[in-house]
Amino acid sequence: MVIEVRSPEPQATVIYPDSDGQPMADNTQQFALIVWIKENLERVYAQDPNVFVAGDLLWYPVEGNNKLRQAPDVMVAFGRPKGYRGSYQQWKEENIPPQVVFEIWSPGNRPSEMAKKLAFYQNYGVEEYYLYHPDLLDLAGWCKSEGSLHPIEQMNGWVSPRLAVRFQMAEAGLQLYRPDGEPFLTTLELEQRALQAEERARQAESELERERQKSQLLADRLREMGIDPMEL
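Structural notes, computed from the coordinates.

Parameters and conventions
- Residues numbered from 1 in each chain as written.
- Predicted model: local features only at pLDDT ≥ 70, side-chain atom pairs only at ≥ 80, totals over all residues.
- Heavy atoms only, no water.
- Helix = DSSP H or I, 4+ residues; strand = E, 2+ residues; numbered from the N terminus.
- Rg over C-alpha atoms; globule rule 2.2 N^0.38 Å.
- Contact = heavy atoms within 4.5 Å.
- Areas by Shrake-Rupley, 256 points an atom, 1.4 Å probe, with all protein chains shown as cover.
- Salt bridge = Lys/Arg side-chain N within 4 Å of Asp/Glu carboxyl O.
- Core = buried A, V, L, I, M, F, W, Y, C linked by side-chain atoms within 4.5 Å.
- Buried < 20%, exposed > 50% of the residue type's maximum accessible area, 1.4 Å probe, protein only.

### Brief notes about the overall build of the protein
At step 1: Scanning the protein from terminus to terminus reveals three helices and ten strands.
At step 2: Computed over its C-alpha atoms, the radius of gyration of the protein comes to 28 Å, more than 25% above the 17 Å expected for a compact globule of 232 residues.
At step 3: When its C-alpha atoms are laid out on the principal axes, the protein stretches across 120 × 60 × 35 Å.
At step 4: For the protein, contacts bridging at least 24 residues in sequence account for 56% of all contacts bridging at least 6.
At step 5: When the accessible area of the protein is evaluated, it comes to approximately 14600 Å², of which 52% is carbon and sulfur surface.

### Section: the pattern of salt bridges
Proximity of charged atoms lets side chains of opposite charge pair with each other.
At step 1: The tally for this structure, following the rule as stated, stands at ten salt bridges.
At step 2: Between Glu-103 and Lys-117 there is a salt bridge whose closest N-O contact spans 3.3 Å. Of this pair, Glu-103 sits in strand S5 (residues 100-104) while Lys-117 sits in helix H2 (residues 111-123), and the two are 14 residues apart along the sequence.
At step 3: Between Arg-162 and Glu-127 there is a salt bridge; the shortest N-O distance is 2.9 Å.

### Focus on the nonpolar core
At step 1: Formed by 28 residues in total, the largest nonpolar core has its most connected members in Ile-37, Leu-41, Val-76, Phe-102, Leu-163, Phe-167 and Leu-176.
At step 2: Sorting elements by how many residues they give to this core places helix H1 (residues 28-44) first, with six residues.
At step 3: The residues contacting Leu-176, other than those within four sequence positions of it, are Trp-36, Ile-37, Val-165, Arg-166, Phe-167, Glu-182, Pro-183 and Phe-184.
At step 4: Trp-59, Met-75, Phe-120 and Trp-142 belong to the second largest nonpolar core, which has 18 residues in total.

Structure (structure tokens):
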């Protein structure tokens, strides 16, 4: 009697797409806010190799399930190295979820959709979740306590436990401040500051050169008078 031994059926390879086909932002305002938050957080943690910051990156929390995913507008994962990722596949990241996420409300969002996002972040390990509605100048936040995300009662002046970033609402809208107290700046503002610093450096160099020339003229005059300036 011959017993046929069947090889196990090969398991299908699960593909985790890098894109969900959705745009990063619905309008210029939303895009600018996403870039503003992401780029400033990158600067805050530029010297820490183990803080990963990303914008609009698909996050897959469970291996084998490519339907379970979210793409936070901005996310921060502490304990994970910087570097390229097509998507954030949590099982490849020592099973560390992003601890902080930001969402910017856009005209295309619906309350039911945002409720699902909150539930997702609750279920898969987010410690802090911030939602800003720029049209209404409304800022909401949730922070994990006793294993659950709870609403933050007062967001104005709130300091993120993880980021040490301060949130402030002004007439112009959301303001964020770095741990050192400096405000988050746009790329244009950073460029203007750099140009101003260069101009101040040029002015200081010119003033130094004028003083050097004055000193040289004085030394030459003293030598003409038979006085060695080095002996004064």
